[in-house]
Amino acid sequence: MAESDIDLFLSSTATREKSDFDEVTNIGVKTIAELATSVQKTSKRIADLESQLKAAKENLRQLTDEDIPDMLFSLGVQSFKLHDGGEVSVKQTYGAHIKLDNKAAAHNWLRSNGFDDIIKNSVTCTFGRGEDQAATDFMEVAGNLGHSPAQKADVHPSTLKAFVKERIESGGDIPHDLFGVFTGNRATIKQGK
């Protein structure tokens, strides 16, 4: 093979390899673009579905917490049977939430009125790698080890809700503003057989 033939051969091989490489690259880029488009469409569909779910939940809340209870009360009934054996009824609901600004005052009220047993008091301290024994010893001698534990006192939301319900139903005193107390009615619908 002459030198010019070798150069021609190498040139055509390089062009073919570059062309093959470009084709593979173009296919790969096209596939990635299609996948990226699919990700965008799927993300939009999820956002749309989440928005629809949020709207459906609000619609359900409106029906069960306002529309049906209002209609039943306007008719002067609290429950009735459906033709299929199901039952529609309205029950009192309770809720509460202690705002961060009211936390100290709410806890003080609970303590001074003998209800401090519903306050969960957690003390934690963070230890680094290899300090397992120090963590075990901490329970007995936290102050002597030089660690500064963090303390957190809270009332679990379910516990607070049950406490508020019990206080209201028993006629007990509770500062509504301090505990963010709210009451309402909720319709329940039991399926017939």
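All chains use their own residue numbering, which begins from 1 and follows the written sequence. Per-residue local features of the predicted model are confined to residues with pLDDT of at least 70, and side-chain atom pairs are confined, for both listing and counting, to 80 or more; whole-chain, interface and lining totals are unaffected and use all residues. Just so you know, side-chain values use all the structure's heavy atoms and leave hydrogens and water out.

**Q** Can you break down the overall build of the chain residue by residue, with the values?
**A** Across its full length, the chain carries five helices and five strands. For the chain, the α and β elements follow one another from N to C terminus as α-β-β-α-β-α-β-α-α-β. When each of the 193 residues of the chain is scored for burial, the buried share is 18%. Partitioning the intrachain contacts of the chain with sequence separation of at least 6 by distance along the chain shows that 69% fall at a separation of at least 24. Accessible surface is estimated by sampling points in the Shrake-Rupley manner with a 1.4 Å probe; for residues, cover comes only from the protein chains shown. As displayed, the chain offers around 14,700 Å² of accessible surface, 55% of which is attributable to carbon and sulfur atoms. Numbering of helices and strands runs from the N terminus; a helix is a DSSP stretch of H or I covering at least four residues, while a strand is a stretch of E covering at least two. To sort residues, take the accessible area from a 1.4 Å probe on protein chains only and compare it with the maximum for the residue type: under 20% means buried, over 50% means exposed, and anything in between is partly exposed. Every residue pair with non-hydrogen atoms within 4.5 Å of one another is taken to be in contact.

**Q** Summarise the packing of aromatic side chains; cite the residues concerned and give the values.
**A** Stacked, edge-to-face and tilted are the three classes for Phe, Tyr and Trp ring pairs, Trp counted by its six-membered ring, which pair at centre distances within 6.5 Å; planes under 30 degrees apart are stacked, over 60 edge-to-face, the rest tilted. In this structure the tally under the stated criterion is three aromatic pairs. Between the aromatic rings of Phe115 and Phe163, the centroid separation amounts to 4.9 Å while the plane-to-plane angle is 65°, which identifies the pairing as edge-to-face. Residue Phe115 is located in the loop between helix H2 (103-112) and strand S3 (120-124), and its partner Phe163 is located in helix H4 (residues 157-169); the two are separated by 48 residues in the primary sequence. Exposure remark for Phe163: the relative accessible area of 7% places this residue in the buried category. Every member of this aromatic cluster is reached through a ring pair, and the members are Trp109, Phe115, Phe163 and Phe179.

**Q** How would you explain H2 if you had to name every residue and give the values?
**A** Along H2, the positions that sit buried rather than exposed are Ala106, His107, Trp109 and Leu110. Seen along its axis, H2 keeps its buried residues to an arc of 155°; they face one direction. Away from the buried face of H2 by more than 90 degrees, exposed residues Ala104 and Ser112 are located. Positive phi appears at Gly114, one or two residues downstream of H2, with a value of about 80°. As used here, the arc belongs to the directions running from the helix axis to the C-beta atoms.

**Q** Help me get a handle on the nonpolar core, residues and values and all.
**A** By convention a nonpolar core is built from buried Ala, Val, Leu, Ile, Met, Phe, Trp, Tyr and Cys residues, the set being connected through side-chain atoms within 4.5 Å. In this structure, Trp109, Leu110, Phe163 and Phe179 are the most contacted members of the largest nonpolar core, which totals 17 residues. For this core, the elements supplying multiple residues, two or more each, are H2, H4 and helix H5 (176-179). Apart from residues no more than four positions distant in its own chain, Phe179 is found in contact with Ala96, His97, Ile98, Ala106, Trp109, Leu110, Leu160 and Ile174.

**Q** Please give an account of the side chain of His107 that cites residues and values.
**A** With respect to the element layout, His107 can be found in helix H2. Contacts of His107, omitting those with residues within four sequence positions, involve Ile119, Ala153, Asp154 and Val155.

**Q** Run through the pattern of salt bridges, naming residues and quoting values.
**A** The salt bridge definition used is simple: a Lys or Arg side-chain nitrogen within 4 Å of an Asp or Glu carboxyl oxygen. Counted by the stated rule, this structure contains five salt bridges. Its salt-bridge partner being Lys44, residue Asp48 comes within 3.2 Å of it at the nearest N-O pair. Residue Asp48 and its partner Lys44 are both found in helix H1 (residues 3-75); the two are separated by four residues, about one turn of the helix. Its relative accessible area of 35% is what places Asp48 among the partly exposed residues. By relative accessible area, which is 53% here, Lys44 ends up exposed. Salt-bridge contacts for Glu66 lead to Arg61; the nearest nitrogen and oxygen are separated by 2.9 Å. For Glu66, a relative accessible area of 29% corresponds to the partly exposed category. Of the residues examined, Arg61 reaches a relative accessible area of 30% and is grouped as partly exposed. Each of Glu58, Arg61 and Glu66 takes part in one network of salt bridges that share partners.

**Q** Mind laying out the layout of surface pockets, listing which residues take part and the relevant values?
**A** Using a grid of 1 Å spacing that covers the protein atoms alone, one calls a set of points a cavity when a 1.4 Å probe fits there but cannot get out, and a pocket when the set is open and has protein on both sides within 12 Å along at least five of seven lines; lining residues are those with an atom within 4 Å of a point. Grid points are joined across faces, edges and corners, and a volume is the space filled by probe spheres set on the points. Estimates place the volume of the largest pocket at around 160 Å³. Taken together, Ala96, His97, Ile98, Lys99, Leu100, Lys103, His107, Asp154, Val155, His156, Pro157 and Leu160 make up the lining of the largest pocket. Secondary-structure elements contributing two or more residues to the lining of the largest pocket are H2 and H4. Of the residues assigned to the lining of the largest pocket, the class counts are six nonpolar, three polar and three charged. Each residue gets one label: Ala, Val, Leu, Ile, Met, Phe, Trp, Tyr, Cys and Pro are nonpolar, Asp, Glu, Lys and Arg are charged, and the others, such as Gly, are polar.

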